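Remarks on the overall topology
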Amino acid sequence: MSQNSTRPVGPLVIDIENITKDYVMGKETVHALRGVSLQIHKNEYIAVMGPSGSGKSTLMNMLGCLDTPTSGRYEFSGKNVAEMNDDELAAIRNREIGFVFQTFNLLPRSTSLRNVELPLIYAGIDPDAREEMAIHVLHEVGLGDRMNHKPNELSGGQRQRVAVARALVNKPSIILADEPTGNLDSKTGEEIMTLFEDLYQRGNTIILVTHERDIAAHARRTVHLRDGLIETDHAGFIPELDLVALDRP
Amino acid sequence: MSAGRTGLGPVFRDMKRFLYELSESWKIAASQMRSNLTRSTLTALGVIIGIVAVTLMGTAIGGIQVGFDKSMSIFGDDVLYVGQWPWKKVDDWWNYRDRKKIKTEYADALNHMIAMTPNSNLMIAIPTSSVIRSVKYADSEVGNVLVRGTVSDYIITSTFDFKEGRFFNDLESRGGANVCVVGYDVADALFPSASPIDKSVLINGQPFKIVGVIARQGSFLGLFSLDSIVVMPLPAFQKYFTAKSEADILVKVKDKTKLAEAKDELAGLMRRVRGLPPEKKDDFSINEQQALKSTLDPIKNSIAVAGLFITGLSLFVGAIGIMNITFVSVKERTKEIGTRKALGARRRTILLQFLIESTALCLLGGIIGLGFAFAMCFLIGIAFPSFPIQFSTGLVVISMMVSVMTGLISGFAPAWTASRLDPVTALRYE
Ligand SMILES: Nc1ncnc2c1ncn2[C@@H]1O[C@H](COP(=O)(O)OP(=O)(O)OP(=O)(O)O)[C@@H](O)[C@H]1O
Ligand SMILES: [Mg+2]
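Throughout, residues of each chain are indexed from 1 in the direction in which the sequence is written. By the order in which they are written, chains take letters starting at A while ligands take numbers starting at 1. Where local features are concerned, this predicted model is filtered to residues with pLDDT of at least 70; where side-chain atom pairs are given and counted, the filter is 80 or more; whole-chain, interface and lining totals use all residues. Heavy atoms from the whole structure form the basis of all side-chain values; hydrogens and water molecules are not counted.

1. Observations concerning the overall build of chain A
Working definition: helices are DSSP H or I runs of at least four residues, strands are E runs of at least two. Numbering for both runs from the N terminus. A count of helical and extended segments in chain A gives 8 helices and 10 strands. Just to be clear, the radius of gyration here is over C-alpha atoms, and the globule rule we use is 2.2 Å times residues to the power 0.38. For a compact globule of 249 residues, the expected C-alpha radius of gyration is about 18 Å, and chain A comes in at 18 Å, within 12% of that figure. On the principal axes, the C-alpha backbone points of chain A span a range of 50 × 45 × 40 Å. The proportion of buried residues among the 249 residues of chain A is 55%. Sequence-distant contacts in chain A: of pairs separated by 6 or more residues, those separated by 24 or more amount to 70%. Here the Shrake-Rupley method, with its probe set to 1.4 Å, supplies the accessible areas, and only the displayed protein chains count as covering residues. Of the roughly 10,600 Å² of accessible surface on chain A, a fraction of 49% belongs to carbon and sulfur atoms. The distance from the centre of the 26 positive side-chain charges to the centre of the 35 negative ones in chain A is 3 Å. A simple rule labels every residue: compare its accessible area, found with a 1.4 Å probe on the protein chains alone, to the largest value its type can have, and call it buried under 20%, exposed over 50%, or partly exposed in between. Throughout, a contact is declared for two residues whenever any of their heavy atoms are within 4.5 Å. All tallies of charge rest on Lys and Arg as positive and Asp and Glu as negative; His and the ends of each chain are not included. Note that the charge is assigned to NZ on lysines, CZ on arginines, CG on aspartates and CD on glutamates.

2. Digging into the interface of chain A and chain B
The interface of chain A with chain B comprises 29 residues on the first partner and 28 residues on the second. The quantity reported as buried area is the accessible area (1.4 Å probe) lost by two parts once they are put together, taken as the sum for both. Summed over both partners, the interface of chain A with chain B buries about 2,800 Å², with 55% contributed by carbon and sulfur atoms. We count a salt bridge whenever a side-chain nitrogen from Lys or Arg sits within 4 Å of a carboxyl oxygen from Asp or Glu. Applying the counting rule to chain A against chain B returns 3 salt bridges. With its nearest N and O atoms 3.2 Å apart, the salt bridge here joins Asp126(A) to Lys16(B). What qualifies as a polar contact is a pair of N or O atoms within 3.5 Å, subject to a donor-acceptor requirement within protein and to the restriction that residues adjacent in sequence count only when both atoms come from side chains. For the pair chain A and chain B, the interface holds 10 residue pairs in polar contact (both at pLDDT 80 or more). Sort the elements by how many residues they give to the side of chain A that touches chain B and helix H2 (residues 86–96) of chain A lands first, with 6 residues. Throughout, the ten residues Ala, Val, Leu, Ile, Met, Phe, Trp, Tyr, Cys and Pro are labelled nonpolar, Asp, Glu, Lys and Arg are labelled charged, and all others, Gly among them, are labelled polar. Considered class by class, the residues forming the side of chain A that touches chain B number 13 nonpolar, 6 polar and 10 charged.

3. Here's the deal with the site of ligand 1
When at least one non-hydrogen atom of a residue lies within 4 Å of a molecule or strand, that residue is treated as near it. Lining the immediate surroundings of ligand 1 are 15 residues, of which Ser52(A), Lys56(A), Ser57(A), Thr58(A) and Arg428(B) lie closest. Surrounding ligand 1 are residues belonging to chains A and B, so the site spans chains. With respect to ligand 1, the backbone of Ser54(A) contributes an N or O atom lying 3.3 Å from an oxygen atom. Here Thr58(A) contributes a side-chain N or O atom positioned 2.5 Å from an oxygen atom of ligand 1. Computed on the free molecule, ligand 1 has an accessible area of 630 Å², of which 72% lies beneath the protein chains in the complex. If you list the elements that add at least two residues to the shell around ligand 1, you get strand E1 (12–25), strand E2 (28–41) and helix H1 (56–63) of chain A. Its residues assigned to classes, the shell around ligand 1 comprises 5 nonpolar, 7 polar and 3 charged.

4. Brief notes about the packing of aromatic side chains
Two rings from Phe, Tyr or Trp (for Trp, the six-membered ring) form a pair when their centres are within 6.5 Å of each other. A pair whose planes differ by under 30 degrees is stacked, one over 60 is edge-to-face, and the rest are tilted. In this structure the tally under the stated criterion is 17 aromatic pairs over all chains. Between the aromatic rings of Phe160(B) and Phe167(B), the centroid separation amounts to 6.4 Å while the plane-to-plane angle is 45°, which identifies the pairing as tilted. By relative accessible area, which is 13% here, Phe160(B) ends up buried. The rule is short: NZ of Lys or CZ of Arg within 6 Å of the ring centre and within 35 degrees of the ring normal puts a charge over the ring. The ring of Tyr20(B) has Arg130(A) sitting right over it, with the charged end atom 5.2 Å from the ring centre.

5. Structural notes on the sheet that holds strand E5 (residues 79–80) of chain A
In short, DSSP must find at least two bridges between two strands for them to pair. Read from one edge to the other, the open sheet built from 4 strands follows the order E2-E1-E4-E5 (chain A), with strand pairing classed as antiparallel. Across the chains shown, the open sheet's two edge strands, defined by having one partner strand only, are E2 and E5 of chain A.

6. Overview of the sheet that holds strand E9 (residues 221–226) of chain A
Residue and element names in this part refer to chain A. The mixed open sheet is built from 6 strands, whose spatial order is E6-E7-E8-E3-E9-E10. The sheet terminates laterally at strand E6 (97–100) and strand E10 (229–235), the two strands that pair on one side only. Recorded for the sheet is a direction-independent mean angle of 15° between the axes of neighbouring strands. Summarising the sheet, E9 and E10 pair through 6 bridges and their orientation is antiparallel. Its bridge partner lying in E10, Thr222 is registered against His234. Helix axes use the C-alpha atoms of the stretch in contact, all axes being lines fitted to C-alpha atoms, and the angles between their N-to-C directions lie in the range 0 to 180 degrees.

7. Let's talk about the domain arrangement of chain B
Residue and element names in this part refer to chain B. Split by domain assignment, chain B resolves into domain 1 (15–70 + 295–428) and domain 2 (79–287). Here domain 1 meets domain 2 over a buried area of about 280 Å², counting both sides, of which 67% is carbon and sulfur. The interface formed by domain 1 and domain 2 holds 0 salt bridges in total. Remark: the boundary between domain 1 and domain 2 carries 1 residue pair in polar contact (both at pLDDT 80 or more). The class makeup of the residues in the side of domain 1 that touches domain 2 is 2 nonpolar, 1 polar and 1 charged. Bear in mind that the domain bounds are from an automatic or database domain assignment.

8. With respect to the environment of Ile322(B)
Of note, Ile322(B) is situated in helix H11 (residues 289–332). In this structure, the C-alpha to C-alpha distance between Ile322(B) and Ile249(B), residues 73 residues apart in sequence, is 60 Å.

9. Looking at the pairing of strand E7 (residues 206–214) of chain B
Residue and element names in this part refer to chain B. Pairing geometry for strand E4 (residues 162–165) and E7, over 3 bridges, is antiparallel. Within E7, the residue paired with Glu164 across the bridge is Val213. Sheet analysis places strand E5 (residues 179–182) next to E7, joined by 4 bridges and oriented parallel. Within E7, the position partnered with Cys180 by the bridge is Ile210. In this structure, strand E6 (residues 200–203) lies alongside E7, joined through 4 bridges in antiparallel fashion. Looking across to E7, one finds that Ser200 is bridged to Lys209. Where E6 folds back onto E7 in an antiparallel hairpin, the turn is made up of 2 residues, including Asn204, whose phi is positive at roughly 55°.

So this is what it looks like as structure tokens:
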């Protein structure tokens, strides 16, 4: 694969320190995260890897302000997330974060255009400006000719492009993608990764969760999780290390 | 960042966002109804039935109200009635039973005193005396006719119009001529084709010449007809029907805004007529339309409340259907709710969305129901013209408001549940 240039990082966006997350299920407590510290700067491209159940999704939900930590400190652009109420969290999710899901999560009865407009409605943007912005990003992801298609009239790869466009439309500080290629074949997955590389080169910050080393190889930094802890966190992608990490009992 | 985008104050931006969310919610509700057409129709049916029931009951109550007011108006709101009994329920009826009867002669005495009183609030006192008799003409006969003797000035206190002819005049009144005025029903029964004017009817075997026919007045509270009546001069009445001069006295007041003063004045005059010493209580009753109204109002109101309550139950059942379907909708779309929250929907946004869905369903049901109710009223009006039905714009507005309220109330619990969903849990939902 052709690795493009790595860009210089910008200011600190995400700063978490010693984050834990417990799920209480009856008498048992699941420690999904046991003390994770991470600093992410503007225009980084990070892959989060690790075995199933290691807490990758939990960490992503935390970073995306969908969930609040049991303990620890979380600052987003210098603001303390732990002190925010529901509406403030919603505002952060709306303006600062773009989510891309494994299952696309498009509204089935709405066209691509309407799906992409959705975050803009919640941002209170005028209908005309809304449509213009949505059309613009749909062109960016290469779907200029699929704007009035509904999700069931699109291929899996196209659906994920719509989802990426939706994540991008409000110009978020950071894009969070939890296994964005998990439901796609490897060729379509590569197309999405090309799109991400393109977004990265244009100055976006991307964090993606993946199981696949080929996918993770696109990122400029790799974080390995195991049992709710960061096992390794290093620049670039080292296949051998990843193999070691996965094969350990 | 986003403040710089619009350059507007945060309050204004919030308002704009609210409007956009509102219009988005209506669109979602419409598409939701369209894509679940059968389900929506069946659920709306509950509301349709409820609104039809409530609206029809409302028109019936409106009809009763109009009939009631019309019945009341025959008493006139500027006339006082002097009688032995008060127009209300009394617990000590035995105290009233032994009162002295009211006499026709009191009218003359009262009129005399009114004339002597400067700035009197009273205008004139009219004696009336009544019996029930049957009235004959040729081979036809009508029974249960109210035969009333009075004076020519009776016309001043009355509210009726004439279909043809006139009321008897002063001369006929004083002389006790054998003339009479008949009600619509009497004229209709005895003279179905010809004009009754100048014909003579037989009452108690005596002939009375008809000089006028009163226009149709309808019935009193639907209980008895006001058109089954014959009115004649008092001397003639006393000569042929009763030697006793038992009577009711009607007193017209000059200014109906001073009814209370007029009533006090009349009570004073009556006490003088009766020669009551100061320590004795009144031994007569002075009645008025308003007093009768306030006696009958509670009865009328409890009929209305009971009717609305019973029909309201059917609307309640409809509301439960709406609540149920909204819960189903929330459940089905849990993942969608999670997605919307991830994209920045706030609790209020989600709450609004589902409230509008339930309200849109109810409003649709309400509009259809109102259409049905209107059609049914129209048909009932054609089939049974006398059935009291009153369809008003006020009723349309109220039933629309009731529909919206039903939607809001029944949608609230599911919408609240949806708005409180934890985004992560909702996103995980399959
Ligand atoms: N809502 C929840 N309630 C209870 N336990 C949970 C919940 N969410 C996650 N967990 C637990 O927390 C741990 C971490 O889960 P998480 O989904 O973050 O793993 P993951 O690394 O994303 O796994 P995968 O690769 O399979 O997606 C798991 O043991 C999981 O069972
Ligand atoms: Mg996961």
